[in-house]
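Chain residues, written in single-letter form:
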Amino acid sequence: MPEVIVLGAGIVGVSIALHLRRRGHHVTLIDRKGPGEGTSFGNAGLIQREAVFPYPFPRALSDITRVARNRSIDAVYHPLALPGLASPLLRYWYHSEPERYAHAVAAHSALIATCLAEHMALAREAGAEHLLRPIGWMRMFPTQESLETALEQAAIAHRDHGVNYTTLDCRALADAEPALLVERAGAIHWTDPYSVSDPHALSVAYANLFTRLSGTIAIGDATTLKRHGAGWQVQTTDGPTDSATVIIALGAASTHVTKLLGYTPPLFGKRGYHMHYGMQGNAVLQRPIQDYDSGFMLIPMRRGVRLTTGAEFARPDAPPTPVQLERAEPVARALIPLAERVDDTPWMGVRPTMPDMLPIIGRAPGQPGLWYAFGHAHQGLTLGPTTGRLIAEMMDGETPFVDPTPYRPERF
Ligand SMILES: Cc1cc2nc3c(=O)[nH]c(=O)nc-3n(C[C@H](O)[C@H](O)[C@H](O)COP(=O)(O)OP(=O)(O)OC[C@H]3O[C@@H](n4cnc5c(N)ncnc54)[C@H](O)[C@@H]3O)c2cc1C
């Protein structure tokens, strides 16, 4: 009998399963699909050492009005979804107030600080180092003023959180990215982050290491989780699987299961899309780029240049509506010489988001043998291995490498 079942084989669940297996636990990792086929499949692939400031809800009236018009590229919403989203979005706004936001920054940056080392440790063992490209990413600015404002924030990130960057003027930017079709005043190059050339391959590599270490992967439906004697039971295609301990790491679907156990934290989804493109002629994009206010990213990946969109707010069961991609594509084509689309249809994923901008990581209150690890929002790829280590250290009764209090489930 496995000692531990991990529900969800996204980057978070795979990393947890791997950390526990490396420590000698008998672990079964259960998903209804293969490892890394959920949101972890199609993200922008950044291990974001620079992301010490989580995304706040906009507080300036001009920003709120802009998003409310529902015509921007960076954020869109389905009007019909608003009644269901009103409560979590109001709480998101509440937690984005400067003093509360400072608390979120402190707790979020504590997790971010070790993300590169945590990934590299697993990637080395998994033989996947080559997927972690140490090239950082660049944000470009249209005017000197906008660049200087961003540099003030970058200086704080460096001073308070050890984030590294270089500044490029107009000419240095053109030299760094010869394929750029536009001129910009300059750019900030975040030099620490890894750019993953294939995020799905990274989850699969970690999952392969897990099975090489005699971990078990099974196909099953997490909503079948139920108490069984002193432990838990989940139905898989190989029959029922029992364990003493279960960890719910189902990303945006986590509350489908927690609500069956009476726990309904205000988890909500920020959907995002991607599409791959070829490049015209010999043009090459050197590293991931974002144009100041566009909200989308362009990332050179194995399959082509991946365009990933910002946030879409929709009902969980609403069919994909990739309007942001349609809006972003012509803007992207004006930035770099993109060729034809590579994919037949846009891919869609859902960022599992908590209103206080912090994931839920820890022991489930009032449920012996149950743990939670979800809600990593924009930085789930970044924080998968960090979360795996934190959960493993807590489960083994060790003093964790970071104070887990801010992420505790009972805050909701
Ligand atoms: C466009 C976009 C760009 C992004 N860019 C970045 C980035 O550059 N860097 C970064 O750090 N993060 C990024 N993110 C966020 C990141 O992708 C997510 O935070 C992360 O993938 C969440 O991982 P997870 O393991 O929690 O969830 P998932 O990867 O979604 O895994 C959850 C798993 O649960 C399974 N599951 C669900 N329901 C059931 C069920 N009933 N039974 C069994 N299994 C079930 C699913 O099949 C899935 O495999 C981006 C997200 C998007 C959408």
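A brief look at the structure comes next.

How each quantity is defined
Residues numbered from 1 in each chain as written. Predicted model: local features only at pLDDT ≥ 70, side-chain atom pairs only at ≥ 80, totals over all residues. Heavy atoms only, no water. Helix = DSSP H or I, 4+ residues; strand = E, 2+ residues; numbered from the N terminus. Rg over C-alpha atoms; globule rule 2.2 N^0.38 Å. Buried < 20%, exposed > 50% of the residue type's maximum accessible area, 1.4 Å probe, protein only. Pairing = 2+ DSSP bridges. Near = heavy atom within 4 Å. Polar contact = N/O pair within 3.5 Å; in protein donor to acceptor, adjacent residues only side chain to side chain. Areas by Shrake-Rupley, 256 points an atom, 1.4 Å probe, with all protein chains shown as cover. Expected span 1.5 Å × (residues − 1). Axes fitted to C-alpha atoms, helices over the stretch in contact; angles between N-to-C directions. Left-handed = near helix turned anticlockwise from the far one by under 90°. Contact = heavy atoms within 4.5 Å. Nonpolar A, V, L, I, M, F, W, Y, C, P; charged D, E, K, R; others polar. Lys, Arg positive; Asp, Glu negative; His and termini not counted. Salt bridge = Lys/Arg side-chain N within 4 Å of Asp/Glu carboxyl O. Core = buried A, V, L, I, M, F, W, Y, C linked by side-chain atoms within 4.5 Å. Patch = residues over 30% accessible without salt bridge, like charges linked within 9 Å, V, L, I, M, F, W, Y side chains within 5 Å. Phe/Tyr/Trp six-rings, centres within 6.5 Å; stacked < 30°, edge-to-face > 60°. Lys NZ or Arg CZ within 6 Å of the ring centre and 35° of its normal.

What to know about the overall build of the protein chain
The helix and strand inventory of the protein chain stands at 11 helices and 23 strands. Over its C-alpha atoms the protein chain spans a radius of gyration of 21 Å, differing by no more than 12% from the 22 Å that the globule rule assigns to 412 residues. Across its three principal axes, the protein chain shows a C-alpha extent of roughly 65 × 45 × 45 Å. The buried share of the protein chain, reckoned over its 412 residues, is 57%.

Overview of the sheet that holds strand 3 (residues 46-47)
Two modes of strand pairing occur in sheets, parallel and antiparallel, and in both the strands are linked by backbone hydrogen bonds. The antiparallel open sheet is built from 3 strands, whose spatial order is 3-9-5. Edge positions in the sheet fall to strand 3 and strand 5 (132-133), since each of these pairs with one other strand and no more. As judged from the 2 bridges shared by strand 3 and strand 9 (residues 194-196), these two strands associate in the antiparallel manner. Across the sheet, Leu-46 pairs through a bridge with Ser-195, a residue of strand 9.

Points about the site of the ligand
Surrounding the ligand, one finds 33 residues, the nearest of these being Asp-31, Ser-40, Ala-222, Ala-377 and Thr-382. Take Thr-39: an N or O atom from its main chain is 3.1 Å from an oxygen atom of the ligand. At 2.8 Å, a backbone N or O of Leu-46 approaches a nitrogen atom of the ligand. Here the ligand, which alone exposes 1000 Å², has 96% of that area covered by the protein. For the shell around the ligand, the secondary-structure elements that each account for two or more residues are helix 1 (11-22), strand 21 (347-353) and helix 11 (380-395).

Let's talk about helix 10 (residues 323-335)
Because each turn of an α-helix spans 3.6 residues, side chains separated by three or four positions end up pointing in the same direction. The first and last C-alpha atoms of helix 10 sit 19 Å apart over 13 residues, in line with the 18 Å expected at 1.5 Å per residue. Taken together, the buried positions of helix 10 are occupied by Gln-324, Leu-325, Ala-328, Glu-329, Ala-332 and Leu-335.

Side note on the packing of helix 1 against helix 11
Look at helix 1 against helix 11: their axes get within 8 Å of each other, and the N-to-C directions meet at 35 degrees. Here helix 1 and helix 11 pass one another in a crossing that is right-handed. When helix 1 is examined against helix 11, the residues Ile-11, Val-12, Ser-15, Ile-16, His-19 and Leu-20 are found in contact with a partner set consisting of Gly-380, Leu-381, Gly-384, Pro-385, Thr-387, Gly-388, Arg-389, Ile-391, Ala-392 and Met-395. Within the contact of helix 1 with helix 11, the residues separate by chemical class into 9 nonpolar, 6 polar and 1 charged.

Observations concerning the side chain of Asp-192
Considering the arrangement of structural elements, one finds Asp-192 in the loop between strand 8 (186-190) and strand 9. For the buried Asp-192, which has no salt bridge, the nearest side chain bearing the opposite charge is Arg-49, at an N-O separation of 5.1 Å. Within the structure, the side chain of Asp-192 is placed 2.8 Å from the backbone nitrogen of Asn-164, a separation counted as a polar contact.

Remarks on the nonpolar core
Residues Ile-16, Tyr-206 and Ile-247 are the most contacted members of the largest nonpolar core, which totals 66 residues. Formed by 23 residues, the second largest nonpolar core is a distinct cluster that contains Met-140, Ala-179, Tyr-277 and Met-279.

A look at a nonpolar patch on the surface
Taken together, the side chains of Leu-90, Trp-93 and Tyr-94 present a nonpolar region at the surface, about 330 Å² in accessible area. Given the relative accessible area of 37%, Trp-93 is considered partly exposed.

Focus: the side chain of Gln-233
Relative to the helices and strands, Gln-233 resides in strand 12 (residues 231-236). Of the polar contacts made by the side chain of Gln-233, one reaches the side chain of Asp-242; its length is 2.8 Å. When neighbours within four sequence positions are excluded, Gln-233 is seen to be in contact with Thr-224, Leu-225, Lys-226, His-228, Pro-240, Thr-241 and Asp-242.

With respect to the packing of aromatic side chains
Under the definition given, this model contains 8 aromatic pairs. Centroid distance Phe-57 to Tyr-92: 5.5 Å. Interplanar angle 80 degrees. Geometry classified as edge-to-face. On the criterion of sequence distance, the pair formed by Phe-57 in the loop between strand 3 and helix 2 (61-68) and Tyr-92 in helix 3 (residues 82-95) is long-range, its members being 35 residues apart. For the pair shown, Phe-57 and Tyr-92 are each scored as buried. A connected cluster of aromatic rings, assembled from ring pairs, spans Phe-57, Tyr-92, Phe-268 and Phe-313. It is Arg-59 that lies over the ring of Trp-93; its NZ or CZ is 4.2 Å from the centre. Positioned above the aromatic ring of Phe-401 is the side chain of Arg-389, whose terminal nitrogen or guanidinium carbon lies 4.2 Å from the ring centre.

As for the sheet that holds strand 1 (residues 4-7)
Across the sheet, 6 strands lie side by side as 10-2-1-14-23-22; this open sheet has mixed pairing. The sheet is open, and its two edges are formed by strand 10 (216-219) and strand 22 (360-363), each paired on a single side. Put simply, the sheet's adjacent strands are angled 20 degrees from each other on average, direction ignored. Pairing between strand 1 and strand 14 (residues 245-248): 4 bridges, direction parallel. In the strand pairing of strand 14, Ile-5 is matched with Val-246.

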